[in-house]
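Breakdown of the fold
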Amino acid sequence: MQSVPRTGELLSTVKFMVQTLAAAGELQRDLQRELTYDGLRAAEAKGSKGGRRPAVPADQTGDVRTAYLEGRPIAALARDHGVSRGAIRTAVADLLPDHTATEQDAPAPELPVTLDMPGKVADFLRTTELHDAERAALDQGVTVRRGQGYTLRVTAAPAVHRQLLDRCQPLDGSQGVPVIPAQRKARREYENRVSTLTP
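Residue positions are given per chain, counting from 1 as you read along its sequence in written order. Under the rules for a predicted model, residues below a pLDDT of 70 receive no local features and side-chain atom pairs below 80 are neither given nor counted, while totals for whole chains, interfaces and linings still include all residues. Side-chain metrics rest on all non-hydrogen atoms present in the structure, leaving aside hydrogens and water.

**Digging into the overall build of the protein**
- Numbering goes from the N terminus for both helices and strands, where a helix is a DSSP run of H or I of at least four residues and a strand is a run of E of at least two. Secondary structure summary: the protein contains eight helices and three strands in total.
- Counted from the first residue to the last, the protein has its helices and strands arranged as α-α-α-α-β-α-α-β-β-α-α.
- Type-normalised accessible area, obtained with a 1.4 Å probe on protein chains alone, sets the label of each residue: buried when under 20%, exposed when over 50%, and partly exposed for intermediate values. The buried share among the 199 residues of the protein stands at 25%.
- Contacts were defined at the residue level, with two residues in contact if any of their heavy atoms lie within 4.5 Å. Counting contacts in the protein only where the partners sit at least 6 residues apart, residues at least 24 apart contribute 66% of the total.

**Some details on the confidence of the model for the protein**
- When pLDDT is averaged along the protein, the result is 80, and 83% of the positions lie at 70 or above.
- Note on residues 100–104: pLDDT is under 50 here. Beyond four places in sequence and across chains, it has zero contacts. The quantity known as pLDDT measures the predictor's confidence residue by residue, on a range of 0 to 100.

**Some thoughts on the sheet that holds strand E3 (residues 149–156)**
- Any two strands are treated as partners once DSSP identifies two or more bridges connecting them. If you trace the three strands from one edge of the open sheet to the other, you get E1-E3-E2, paired in antiparallel fashion. The outermost strands of the open sheet, each flanked by one partner alone, are strand E1 (113–118) and strand E2 (142–146). For this sheet, the mean angle separating the axes of adjacent strands, direction not counted, is 30°.
- Sheet topology note: the E1/E3 ladder contains six bridges and is antiparallel. What sits directly across from Val113, in E3, is Ala156.
- Contacting E1 and E3, helix H5 (residues 119–126) runs over the sheet at an angle of about 90° to E1. Lines fitted to C-alpha atoms define the axes, with helix axes restricted to the stretch in contact, and inter-axis angles between N-to-C directions lie between 0 and 180 degrees.

**Quick look at the pattern of salt bridges**
- We count a salt bridge whenever a side-chain nitrogen from Lys or Arg sits within 4 Å of a carboxyl oxygen from Asp or Glu. For the coordinates displayed, the defined rule picks out eight salt bridges.
- With a shortest N-O distance of 3.1 Å, Arg33 and Asp30 are connected by a salt bridge. Of this pair, Arg33 and Asp30 both sit in helix H1 (residues 7–45), three residues apart, roughly one helical turn.
- Note that Arg72 and Asp80 form a salt bridge whose closest N and O atoms lie 2.5 Å from each other.

**What about the layout of surface pockets?**
- Of the two site types, the cavity is a set of points on a 1 Å grid over the protein atoms alone where a 1.4 Å probe fits but cannot get out, and the pocket is an open set with protein on both sides within 12 Å along at least five of seven lines, each lined by residues with an atom within 4 Å of a point. Grid points are joined across faces, edges and corners, and a volume is the space filled by probe spheres set on the points. Of the voids in this model, the largest pocket is the one considered here, and its volume is about 260 Å³.
- Every residue lining the largest pocket is counted, 13 residues in all, and those nearest its centre are Pro118, Gly119, Lys120, Tyr150 and Ala186.
- Here the lining of the largest pocket takes four residues from helix H8 (residues 181–195), the largest share from any one element.
- Any residue that is not Ala, Val, Leu, Ile, Met, Phe, Trp, Tyr, Cys, Pro, Asp, Glu, Lys or Arg is counted as polar, Gly included; the first ten are nonpolar and the last four charged. In terms of residue class, the lining of the largest pocket is built from four nonpolar, four polar and five charged.

**Some thoughts on the nonpolar core**
- Residues grouped as a nonpolar core are buried Ala, Val, Leu, Ile, Met, Phe, Trp, Tyr and Cys residues, joined through side-chain atoms within 4.5 Å. With 22 residues, the main nonpolar core has Met117, Val121, Leu125, Leu152, Leu164, Cys168 and Tyr190 as its most contacted residues.
- Those elements that place two or more of their residues in this core are E1, H5, helix H6 (132–139), E3, helix H7 (158–167) and H8.
- Non-local contacts of Cys168, meaning those with residues more than four positions away in its chain, are made with Val121, Phe124, Leu125 and Arg187.

**Describing the pairing of E3**
- Across five bridges, E2 lies against E3 in antiparallel orientation. Opposite Val142, over in E3, you have Arg153 as the bridge partner.
- Following E2, the chain reverses through two residues before pairing antiparallel with E3; Gly147 in that reversal takes a positive phi of roughly 60°.

This is the structure we're talking about:
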């Protein structure tokens, strides 16, 4: 009959295994460190400094820009000046073909915001004539079930949320549409959420 190991024996076995794994990990780190230092020493012996290549010196920036405008390739300029191609691209960034000038006073684009739209508002808007951006935001909304009803989680720019809110104005009883209290309440809930967005 095989004897069952006692708790103390199990604990000492587990402790031994953990210590062995920790020692193996430490040995591996030491070996990696040694190999890294060996590689760096070998690179130094070949004359490589390592690290990031320098930027274009300020007194040479004008020459680099002139040479680039004359048609000299970026790779050749990088070799000539002993810098990376990225440093050359930085020096001539505003001269690159894909560069588009941006006005400093131009407002930053609005980032999309996710708001929960009550289902009664979403149902009304689906029957309303909408712009493409408004329709796309509505169509891409995610339905979230809430008891007997639902909300539509809509992700759109704040301006689109404001436009959708304007579109459901008739739910407040304006424009000759009969007032349904549940719809008016749903519209006001959405209006409260939209009003938290910064203009």
